[in-house]
Structure formats: C-alpha cells, structure tokens
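# Architecture and fold: a report
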Amino acid sequence: MTKLKLSGVSKAYGATMALRHGDLEIEAGEVHVLIGANGSGKSTLCKIVAGSVRPDRGTVLIDDRPVTVSGPRAAKALGIGIFYQELSLAEHRSVAENILMPDLPRKGRLFVNREALAETAGRYIALFAQVAGEDLTADTPVGRLRADQRQLVEIMKALASKAPVLIFDEPTSALDRAQVDRFFEILRGLRNEGRSIVFISHRMDEIFAIGDRVTVIRDGETIGTTTIADTSPAAVIRMMVGEQEGLAVPQDAPPASATGGGTALSVAHLSGQGFSDVSFTVARGEILGLGGLHGQGQSALLRALFGAPPAHSGAVTLAGAALRTENPRSAITSGLAYVSGDRGRDGVITGRPILENVTPVHALRNRLMLASPGRLAAGALPALKALNTKFAGLSHPISSLSGGNQQKIVIARWLIDRPDVLLLDDPTKGIDLSAKADLFALIRKLAEDGLAIILYSSEDAELLNNADRILVFNGGSVRRELAGAERTRYNLYHAAYEAA
Amino acid sequence: MTATPSIAREGRGGFGALLDRFPFLPAIVILIVLLVLNGLFEPNSLSFRSLTGLVRTYMALMLLAVAQTYVVYAADIDLSVGAIASLVNVTIIVLMQHLGGGGLSVVAALGVGVLVGLACGLVNGFVVAALRLQAIVATFATSIFFTGLALTILPVAGMPAPTAFWRTYGGSFFGIPFVFYCVAVLAVLLYLLARSRLATQLLAVGDGQQAAFQSGLPVTAIRIGGYALCGVFAALAAFCITGDTASGDPLVGAKMTLFSVAAVVLGGSALSGGFGTVVGSVIAALIIGLINALVFFAGTPSHWQNFVQGLAILAALMVGILVSRRGRA
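Reading guide: rules and limits
Residues numbered from 1 in each chain as written. Chains lettered and ligands numbered in written order. Predicted model: local features only at pLDDT ≥ 70, side-chain atom pairs only at ≥ 80, totals over all residues. UniProt positions renumbered as here; feature names shortened; annotations may be inferred. Helix = DSSP H or I, 4+ residues; strand = E, 2+ residues; numbered from the N terminus. Rg over C-alpha atoms; globule rule 2.2 N^0.38 Å. Buried ≥ 20, exposed ≤ 12 C-beta atoms within 10 Å, placed from the backbone. Contact = placed C-beta atoms within 7 Å. Pairing = 2+ DSSP bridges. Axes fitted to C-alpha atoms, helices over the stretch in contact; angles between N-to-C directions. pLDDT = per-residue confidence, 0-100. Nonpolar A, V, L, I, M, F, W, Y, C, P; charged D, E, K, R; others polar. Core = buried A, V, L, I, M, F, W, Y, C linked by C-beta atoms within 7 Å. Domains from an automatic or database assignment.

Chain B is annotated in an unreviewed UniProt entry as Autoinducer 2 import system permease protein LsrC from Nitratireductor pacificus pht-3B. What UniProt states about chain B under its Subcellular location (unreviewed entry) heading is, verbatim, "Cell membrane". Of the comments in the UniProt record for chain B, the one headed Function (unreviewed entry) reads "Part of the ABC transporter complex LsrABCD involved in autoinducer 2 (AI-2) import. Probably responsible for the translocation of the substrate across the membrane."

The name recorded for chain A in an unreviewed UniProt entry is Monosaccharide-transporting ATPase, from Nitratireductor pacificus pht-3B.

Here it is in structure tokens:
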C-alpha cells in the first residue's frame, strides 16, 4: 500500500534549480533510503514533504489523496514527522521541552503540564539510555550537550511526533556505532508497526543495514528505485554517477608544471576542529582538489591553514620553512591567500566601493598607512582585468555587481601581490556558469605561473575537471587520493560513500 | 566516523550550573550591596516606611520590566511600553473623571485600561510579527503614535485622580501597605505565567525562529502573544503610575521605556532572546530604584545626579556581566 507519493515535484531558488523532477513512493511499513550526491536535491525533497519548503510544481499524495503541505504545522496534522539535518532545537530549553516542543502537553488551556512533560519525555530518553551518556537528562539544557547527544534529542523529537510517516535527513552523522545500532533497532520496531520511514545517509553500510528499498536522486531528478536486496553498493554508486563519466575526464592533460614545480606547501599530521591527522603536499603549479561529501573537514582544513581558527596540532611547511599561522593576518603576511564561497561572511566588504574591496590585502602586506587612490587603482586594475571583471567604475559600491563579479573582486584582492599558496574554499558557490568558466581559466593560469592551489568544491564536476589530484575526505580525514586516470566520478563517490 | 566535535562546555563548576538555573543571582548580589550602601549613607532609608515608599515608586518600573521581558524572550523588543503606559494613564484618569470618581467608575476605568494596553500590544504584535517590520523601529513608530493618542485625550498634564484611587494605592490594609498586596499578586501571576505554554514557546522562538517554525510552532501568533502580554503589563504599570502620581500626564511613561530595557539586561536576560527570567527583571527594576535613592542619599549635588546615576547603572551592568561570564566560562 502506498503511504506517501510525490510526483514531478520541483523547486527553484532564484536561478538555481534545487529540485528538477522529484518522484518518490513510500510504502507503509518500510524503511526507504534516499541517496544522491552533494546538492542533488534530497534535503529539498524532504523539506517539501515536511512543509518547510513549498514546491513550485508537482503533487503530493498521502494515502492516495492529494494534499497541500502548506507548512510544518500542516505536515504535523497530516502525520508527517521529520528529523532536520541542521537540527531544530532550542539551545536554552531543556531536553524534555525540546522533545515535546511541537506539542507541549497542556494543563487546562494555558499551562504546560510539567508532570506529563517529564514523564513522556522520559520515555523517549529511556529508549537511548544505554548509549546516550549519563549527562543527557530531561532537565539538561540542550546547549550543554555534545553534538551526538543533540542529534539523539532531535531523533527523540521526531519519534515523539508519533507520525505515520517519519523522515530522517542524515540522522547518524555525529553518532557512534552503538548509538546507530540502538537507533536502527528502534527503526526496525517502527517499521514492523507499519510506519513509513524515509532515511537519508551517506554511509553505504548503514543504508544496506537498515534499508528495504533505495531511491537514487541525481542533479535534482529521481533516477530510479530498487529493492536493497537486489542491489549492491557498486550498483548504487553507478546509478548515482549515471552517464556522466565522460565529464570527469579533464579537457586536456595536466600541464607539465603540475609535476615539476617543487613542493610549495606540505602538511603533516594536521588536526583541528572538524578534521584529524591530515597529511599532504602541494607542488608549485599544481591544483590539488579536496573532494567528498559536504562538511567532511575540507573547509575546516582550509580555514585552519589560514588560521581561522588555527589547527590544534601537526606541522605545516611553506617553501621549506615551518609555518605557524596564529590568525589570518599572519597567514596573509606569510604568503597564503584564502577565498571563501561564503562571500557575504568571508569575502565582500558590503557597502564599500570596489577599490576598497580590492586593496585591503595589498595595504596589509605593504603596511600602507596612507592610501593614494590613484596608486591603488594602478595596482588594482591589472588584477581586475586578468579576471575579466565587469564593472562601471572603481568607486561604485561592490553591491552593484553580480555574485560572480563580486567573487572576482574578492579574488583580485589576492593578485596585486602574488601569494605562494591559494586556498579556494568552494569558491564558485552561487555563481553563474560563464563566471565559473572565467574563474577556472584564471585558476589554471595562476597555477601555470607557479602558484600552488588547493581547491575545495562541493560540485564534483568542478573538481574532476580542474584538479590535478584529488584527496577524498570522509569523517574529517583523507580516505583516498585520486591522481591521473583514477580521477573518475565513480572512484570519487566510491571513496566518499563507502569508506565509513 | 566519530568526527564528533566535542564542545568544550562540560566540566563547568557548580556556580555555572547555579547561574544557568538562576541567571538573576548577580542582580540579587548587586541589590544587597546597594541596600547596604543605602543603609550606610542614610540609616533611615532601610526603615519599613522608606522601603514601602521605594516599592510604591518603582512598582511601575517593575511591571514595565516584566512587560519588556516577555517580548525580549522572543528576541523582539518593545520601545513603546512607556507610551502605552502614558496612554493608559490618561485614559483611566479621564474616564474616572467622567464617570464621577466613585468605586465603580474606578473599576470600570481599570477594565478599559487593561483593554487599551492589550489593544496597543496587539497593534505592536501585528506590525512586528505579521507585517515583519523591524521591531526596534516599528515599536518606536507606534510609541510616537500612542503618545499622539495620549496627547489628544489629555493635552496637558495635571488632571487629578479621584481621591479613592490614590488613597487605596498609598494606603494600608490590616497593617500591610497596599503595594505589598500588589507585589504578592504579581508574584502569583509571574509564577503562573512561568508555567504557561506561551512563555516556553516565546523562549523557543527567541532561541531560533527557524527551528521553532520547523518544529511546527505558530511563530507569528506566539510573537503577537508576547506583545499582547507586554501591553497588558504596561497597562498594569500605568495603574501604579497613576496611583503614585495621583494625576494624568500624557508623557509620564516615555522616560521609563529604556529603563525597562536596561532592567531586562541587568536581570540576566539575553537581548538576543531565548534566555532569561522575569524575576531578574523585577529585581533589576528595584536596583535602578535603589541607585536613584543612593544618588540622592549620598548628597550628590543636583547637577551631578544624572551623571552619577548613569555611571552607577553602567557599573551595575558591568558587574552583572562579569559575574555571569566568570560563571559560564
């Protein structure tokens, strides 16, 4: 019996299609796995079911009746409960209040029934009592819990909805083995009660341990659904990769400079918040790619190299000399450059003219105390020109430019005085295609000029097309290095999904 | 696979846990210090009569601070509490005057006063939560609007309150001053409200609006509820102002608005929402009252009083923040 059916669902955010054509059919009494690469649209699909995102097109059917999920409250009324990947907890409220927040037990019309709250929440906490750790009690404020405990509380909150359809969007990313096992036991119990469970995970072993059927999504479209018993991890990865294998082959062979430039930066056993024991070297003229799923330590590593915040332990050597970055300031003066995809937070100086956005690094590296606009402009223009930046005048505010051109300005900042190593942290996020092409052409040219470049991109195609070597991250460490002909989408996914 | 970034929040001392439960502890310490200082400068200031007078004068600010706290719970702010209090003040004065000033007219006027406060709160809630205007600017605008209404109702200050009204507020029953009955009623009210669903939901909204929305909470309705509660408490504050000053004044509340915000912060609540207590705000309102008394008793020359008062409030804020930070670090 089909419990939940989505057909032809789509959602666009501005110009980006988050979901092109989503189909999904969930039976009562099954654990249905959703899988797809970064940004393929899984989370958007879940949020549409949960009502926190409204679809542009398509239909949702529950028990064969078409429904409109107008918001989280409507979803609740329709019997849909969700575990949010980014969690939906109130930090200062207690565990018990958080578990039952969607529907606080009442006394009379106005009051919270404290006894019922403690008792009901206690039942859900007891489910995980063996694995949650002693400090997870009903009265603890959620802000005092560890990441895995918070994830457990979000799980309890989803369970407490008692919804016939439960969606878990990456519920296990912070859990340890025992916690996952306990969670799966509970899920099996729910399935046997006849509930429908949608489960998203990036760990192939988990998917095969708990799933009944699997649906693969690629580039915002549902590719197909198969029974877990009839498939294999390799077959699933092949479905995720599809016919795009051709894309993965770089347009031309990596330039000779990629190998013969000498080591620019070497990193040994570096550990910090979000990554551990990472070692690698980058040569002058080489583009080193960091791959894998979102948030597996790639950005954290790049930020740590730039000193924001610095790594806890390990050694970094820049051009033969030990490098100690305390903060971004010292990283800049020793010759590192960092460009973030989060322009609003890390790049653009909003509301200021283009000239001021191009020159701060130049000013810092040369300890400029007084600025002469004419001399600064003379330095800035060639850098902007190298990037094909389109702008009306240096005195115009940066906000007058498109996202792609803003990012070019941020990159130009680093080109007035050449750095030794360029760290690119998902630099093309939210940038149109032609600007992307310009950017990567420039990045290759910079590499040919002798810069060492480390590129993290959440778009696998960008990595495969532009990086000379790729380090695949999983759980904060490097699982595999792909070089030469190994750089295929299949290998990339294989390492990213199966290594756990 | 256990890439769990362990958050360095464990192993906090007992004091930290205590502060988590009772964020107004620093405020209590400051209150006691101020009481002692007052006693040193003017032993008489600790007499029952003086303390009664202090509570009588600052009851209004306590109620305004409570009003402000419920809005701040949800990470909003209300810069119109003072204007609402003024509007209610002149409304009830004019009504009582028109109805003859008897006992029944007082009760009727107070009923209307509460409704006026509630209506103002609903207006604020509507513009901030439903129209999604910036709380700080929107309530500043409504404050001008409410003040305008108050000036229309009573253009100049000075219409007196009926004798029965201010005699009751300033009087005693069974040997206990009337204001202490007010304090007792307030305590019961705050106790009940702390157990209300609305208070918990306001705090959840203040903690993270997106998370609250995704949890299925009716965020807009909850925020409007917070402003409505705020309006009602501002009306109650207006009753105390009227009892204390025994007259109507269309501008009487204006200067109290930012004091109410200061009291909320001094009482240990976070202006960013999601965390705080009303008890702290009440204590902090008393602290502000004691500071004013101290400035007076210490014999500060009149042209220095504002200067010293401002410094003292800054110092109290700093002590409070330093103590909390030490405890939480």
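### Some points on the overall build of chain B
Along chain B, the regular secondary structure elements total 14 helices and two strands. Computed over its C-alpha atoms, the radius of gyration of chain B comes to 21 Å, within 12% of the 20 Å expected for a compact globule of 329 residues. Dimensions of chain B along its principal axes, counting C-alpha atoms only, are 80 × 50 × 40 Å. When each of the 329 residues of chain B is scored for burial, the buried share is 48%. Look at the contacts in chain B between residues 6 or more apart in sequence, and 79% of them connect residues 24 or more apart.

### Overview of the sheet that holds strand 18 (residues 336–340) of chain A
All names here are of chain A. The strand order 18-19-20-15-21-22 describes an open sheet built from six strands, whose pairing is mixed. If you trace the sheet from one side to the other, it starts and ends with strand 18 and strand 22 (477–483), each paired once. Neighbour-to-neighbour, the strand axes of the sheet open up by a mean angle of 20°, direction not taken into account. Of the strand pairs in this sheet, strand 15 (residues 287–292) and strand 21 (residues 469–474) are connected by five bridges, and their pairing is parallel. Counted as the bridge partner of G289 is I470 from strand 21.

### A closer look at the confidence of the model for chain B
Residues and elements named next belong to chain B. In this model, chain B carries an average pLDDT of 86, and 94% of its residues clear a pLDDT of 70 or more. Confidence, expressed as mean pLDDT per element, reaches its minimum in chain B at helix 1 (residues 14–21) with 72 and its maximum at helix 11 (residues 219–245) with 94. As scored by the predictor, the complex reaches a pTM of 0.75 and an ipTM of 0.81.

### Let's talk about the interface of chain B and chain A
A common way to express how large an interface is: the accessible area buried when the components associate. Listed as interface residues are 26 residues of chain B and, on the opposing side, 32 residues of chain A. Here the side of chain B that touches chain A takes five residues from helix 9 (residues 197–207) of chain B, the largest share from any one element. Residue classes in the side of chain B that touches chain A are distributed as eleven nonpolar, ten polar and five charged.

### Here's the deal with the nonpolar core
Most often, soluble globular proteins have nonpolar side chains that are buried together. A:I453, B:A234, B:A237 and B:I287 are the most contacted members of the largest nonpolar core, which has 244 residues in total. Per-element tally for this core: the top contributor is helix 11 of chain B, with 17 residues. Structurally, this core is a two-domain feature, drawing no fewer than three residues from each of domain 1 (2–246) and domain 2 (248–498) of chain A. For B:A237, the residues in contact, after removing those within four places along its chain, are B:A60, B:L63, B:L64, B:A67 and B:A85.

### Considerations on the environment of A:K436
All names here are of chain A. With respect to the helices, strands and loops of the structure, K436 is situated in helix 18 (residues 433–448). In this structure, the C-alpha to C-alpha distance between K436 and Q407, residues 29 residues apart in sequence, is 10.0 Å. When sequence neighbours within four positions are dropped, the list of residues in contact with K436 reads T428 and I431.

### Examining the pairing of strand 3 (residues 30–35) of chain A
All names here are of chain A. With five of its six residues buried, strand 3 lies for the most part within the structure. Sheet topology places strand 3 next to strand 10 (residues 196–200); five bridges connect them, and they run parallel. Paired with V33 across the strands is F199, a residue of strand 10. The pairing of strand 3 with strand 11 (residues 213–218) spans four bridges and is classified as parallel. Looking at strand 11, one finds that H32 is bridged to R213.

### Quick notes on the sheet that holds strand 17 (residues 321–322) of chain A
Read from one edge to the other, the open sheet built from four strands follows the order 14-13-16-17 (chain A), with strand pairing classed as antiparallel. Strands with a single pairing partner mark the edges of an open sheet, and in this sheet they are strand 14 (275–283) and strand 17 of chain A.

### What about the domain arrangement of chain A?
Considered domain by domain, chain A is made up of domain 1 (2–246) and domain 2 (248–498). Put simply, the middle of domain 1 of chain A and the middle of domain 2 of chain A, counted by C-alpha atoms, are 35 Å apart.

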